[in-house]
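A closer look at the structure
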Amino acid sequence: MPVRWNGYDMTEIDILHKNLQMNFMWSDYYINNGNMPMFNQCQTDINNIRLAIKSLKEKQQLRNNKNKQFNKNKNN
């Protein structure tokens, strides 16, 4: 389901990708400035965002498969 974010229509996955980009940027900043606790937090966030994206993609795939099966049964 698209949502409004900074004037653009974006899906949840689009927003998670934006958050992922920001976390990569901040992790580079923190590692270059020697702030290991914040770098580690960014790495944790990155892993959590990746898991969330994977989960949403799997849900989408299941929904698509269910719709295909429904349409196939409807046409028979």
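Residues numbered from 1 in each chain as written. Predicted model: local features only at pLDDT ≥ 70, side-chain atom pairs only at ≥ 80, totals over all residues. Heavy atoms only, no water.

**Description of the side chain of S27**
With respect to the helices, strands and loops of the structure, S27 is situated in helix α1 (residues 12-32). Beyond its immediate chain neighbours, meaning those up to four positions away, S27 contacts F39, C42, Q43 and I46. (Helix = DSSP H or I, 4+ residues; strand = E, 2+ residues; numbered from the N terminus. Contact = heavy atoms within 4.5 Å.)

**Things to note about the confidence of the model for the protein chain**
Looking at the protein chain, pLDDT values average 85 and 86% of them are 70 or higher. Taken element by element, the predicted model of the protein chain shows its lowest mean pLDDT in strand β1 (residues 3-5) (63) and its highest in α1 (91). (pLDDT = per-residue confidence, 0-100.)

**Considering the nonpolar core**
I13, L16, L20, I46, I49, I53 and L56 form the largest nonpolar core, which has 7 residues in total. Sorting the residues of this core by element identifies α1 and α2 (36-75) as the ones contributing at least two each. When residues of this core are assigned to their parent elements, the largest contribution, 4 residues, is made by α2. (Core = buried A, V, L, I, M, F, W, Y, C linked by side-chain atoms within 4.5 Å. Buried < 20%, exposed > 50% of the residue type's maximum accessible area, 1.4 Å probe, protein only.)

**Some details on α1**
Under the 1.5 Å per step criterion, the end-to-end length of α1 is 30 Å for 21 residues, consistent within 8% with the ideal 30 Å. What α1 keeps buried is the set I13, I15, L16, L20, N23, S27 and Y30. Viewed along the axis of α1, the buried residues span an arc of 145 degrees, placing them on a single side of the element. Away from its buried face, by an angle of more than 90 degrees, α1 presents the exposed residues Q21 and N32. One or two positions beyond α1, positive phi appears at G34, with a value near 75 degrees. (Expected span 1.5 Å × (residues − 1). Arc of directions from axis to C-beta.)

**Notes on the packing of aromatic side chains**
In the structure shown here, the tally under the stated rule is 3 aromatic pairs. Aromatic pair W26 and Y29: ring centres 5.4 Å apart, planes at 85 degrees, arrangement edge-to-face. Here W26 pairs with Y29, and both are found in helix α1, just 3 residues apart, close to one helical turn. Put simply, the rings of W26, Y29 and Y30 pair up and form one aromatic cluster. (Phe/Tyr/Trp six-rings, centres within 6.5 Å; stacked < 30°, edge-to-face > 60°.)

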